Amino acid sequence: MATAVPAERDAVAGAFPGPLRQLPRPGVTLHRPDGSGWDLLAAGVGPALAAASTAAALTAAALDGHPYDLVVSAGIAGGFAPHAPLGSLVVADEITAADLGAETADGFLPVTELGFGTVTHRPPAALVRTVAEATGARPGTVLTGSTVTGTAARADALRTRHPRALAEAMEGFGVAEAAAAHGVPVLELRAVSNPVGPRDRAAWRIGDALAALTDAFGKLTPALESWNPHE
Ligand SMILES: O=C(O)c1cccc(C(=O)CC[C@H]2O[C@@H](n3cnc4c(=O)[nH]cnc43)[C@H](O)[C@@H]2O)c1
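Values in this document were obtained by computation on a predicted structure and should not be read as measured data.

Definitions and limits used
- Residues numbered from 1 in each chain as written.
- Predicted model: local features only at pLDDT ≥ 70, side-chain atom pairs only at ≥ 80, totals over all residues.
- Heavy atoms only, no water.
- UniProt positions renumbered as here; feature names shortened; annotations may be inferred.
- Helix = DSSP H or I, 4+ residues; strand = E, 2+ residues; numbered from the N terminus.
- Near = heavy atom within 4 Å.
- Polar contact = N/O pair within 3.5 Å; in protein donor to acceptor, adjacent residues only side chain to side chain.
- Areas by Shrake-Rupley, 256 points an atom, 1.4 Å probe, with all protein chains shown as cover.
- Nonpolar A, V, L, I, M, F, W, Y, C, P; charged D, E, K, R; others polar.
- Phe/Tyr/Trp six-rings, centres within 6.5 Å; stacked < 30°, edge-to-face > 60°.
- pLDDT = per-residue confidence, 0-100.
- Buried < 20%, exposed > 50% of the residue type's maximum accessible area, 1.4 Å probe, protein only.
- Pairing = 2+ DSSP bridges.
- Contact = heavy atoms within 4.5 Å.
- Axes fitted to C-alpha atoms, helices over the stretch in contact; angles between N-to-C directions.
- Parallel < 35°, antiparallel > 145°, perpendicular 65-115°, else oblique.
- Left-handed = near helix turned anticlockwise from the far one by under 90°.

### Some points on the UniProt feature "domain: Nucleoside phosphorylase" (unreviewed entry) in the protein
Here's step 1: Listed under "domain: Nucleoside phosphorylase" (unreviewed entry) in the UniProt record, and renumbered for this structure, are residues 43-202.
Here's step 2: Structurally, residues 43-202 comprises 30% helix and 31% strand, and the distance from its first C-alpha atom to its last is 26 Å.

### A few points about the site of the ligand
Here's step 1: The immediate surroundings of the ligand are formed by 15 residues, with Glu168, Glu171, Asn194, Arg199 and Arg201 found nearest.
Here's step 2: A distance of 2.5 Å separates an oxygen atom of the ligand from a polar atom in the side chain of arginine 199.
Here's step 3: Starting from 600 Å² of accessible surface for the ligand in isolation, the protein chains cover 82%.
Here's step 4: When contributions to the shell around the ligand are tallied by element, the ones reaching two or more residues are strand 5 (71-79), strand 11 (165-169) and strand 12 (186-195).
Here's step 5: Residues that form the shell around the ligand fall into these classes: seven nonpolar, three polar and five charged.

### Quick look at the packing of aromatic side chains
Here's step 1: Tallying each qualifying case throughout the model produces two aromatic pairs.
Here's step 2: Here the aromatic rings of tryptophan 38 and phenylalanine 217 are separated by 6.2 Å at their centres, their planes lie at 80 degrees, and the arrangement is edge-to-face. You can see tryptophan 38 sitting in the loop between strand 3 (28-33) and strand 4 (41-42) and its partner phenylalanine 217 sitting in helix 6 (residues 206-225), a full 179 residues away along the chain.
Here's step 3: Three or more aromatic residues joined by ring pairs form one cluster here, namely Phe16, Trp38 and Phe217.

### Quick word on the confidence of the model for the protein
Here's step 1: Chain-level pLDDT for the protein is 96 on average; 99% of the residues reach the 70-or-more range.
Here's step 2: If you check the scores for this complex, the pTM reads 0.96 and the ipTM reads 0.94.

### Some thoughts on the pairing of strand 6 (residues 89-97)
Here's step 1: With eight of its nine residues buried, strand 6 lies for the most part within the structure.
Here's step 2: Where strand 6 meets strand 12, three bridges bridge the pair, whose relative direction is antiparallel. Opposite valine 91, over in strand 12, you have leucine 189 as the bridge partner.
Here's step 3: For strand 6 and strand 10 (residues 138-144), the ladder comprises seven bridges, and the chain directions are parallel. For isoleucine 95, the partnering residue across the bridge sits in strand 10 and is valine 142.
Here's step 4: The pairing of strand 6 with strand 9 (residues 120-121) spans two bridges and is antiparallel. Residue pairing for strand 9: isoleucine 95 is matched across the bridge by histidine 121.

### Comments concerning the environment of valine 90
Here's step 1: Assignment of secondary structure puts valine 90 in strand 6.
Here's step 2: Along the primary structure valine 90 and threonine 112 are separated by 22 residues, whereas in three dimensions their C-alpha atoms are 26 Å apart.
Here's step 3: Apart from residues no more than four positions distant in its own chain, valine 90 is found in contact with Ala84, Ala137, Arg138, Val142, Leu166, Ala167, Glu188, Leu189 and Arg190.

### Quick notes on the packing of helix 3 (residues 125-135) against helix 6
Here's step 1: With their axes 9 Å apart at the nearest point, helix 3 and helix 6 run at an angle of 130 degrees to one another. Here helix 3 is positioned oblique relative to helix 6, judged by the angle of their axes. Handedness of the crossing formed by helix 3 with helix 6: right-handed. Along the contact surface, helix 3 presents Leu127, Thr130, Val131, Ala134 and Thr135, while helix 6 presents Ala216, Lys219, Leu220, Ala223 and Leu224.
Here's step 2: In terms of residue class, the contact of helix 3 with helix 6 is made up of seven nonpolar, two polar and one charged.

In structure tokens, the structure reads:
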């Protein structure tokens, strides 16, 4: 499970009864709740650092002979009104890089239209359903960008280009790229801390979103125990 910052990792850890053990690995430190099958990682802010840290954790686990079955990108996010209000949960059925491409006189072109790369990862539909049913998270597109949206114009442009978008964050696509490189399925689960739109720091409800994340993982981990990765 990869968050951006330690506060998000600790919110997820709050869903586990046992104390956390620190496991240093090359390039990253994992936190493992005693008696759980989960490793928690504060992977850093932004898609590049999140990808590098997640890849380091995946490689270390594979070299230890205990490769991961699943990677979950989790944390707070901006929500697109009215579908993703403050404190609500969203689960990505598409994890989409919002700014990976080229600006042209005719608008934005994703890298795929330039003939390379990928801009969307799709988590397994059955897993998305399991998460939605267990936590009440709404399924939809979660965008990844390197810049937090701060104007109504940018929010409208994202809505137009991605009509299914429920939320915007900064790590999911990086985490998904690392998981895909290792052939491991990925999920993204986000709790909404702020609306996507004009920057209003005072309107951010980070505490409420972190509490929603703890609650969601309390419901999610038992639900995922019945999931068979080899089915
Ligand atoms: O603009 C500020 O004053 C400000 C204050 C505290 C934190 C930030 C961040 O940029 C945190 C980014 C962090 O949280 C996720 N996140 C949360 N909301 C959004 C959003 O609306 N758009 C993009 N990312 C968001 C993100 O995944 C980062 O990990 C800013």
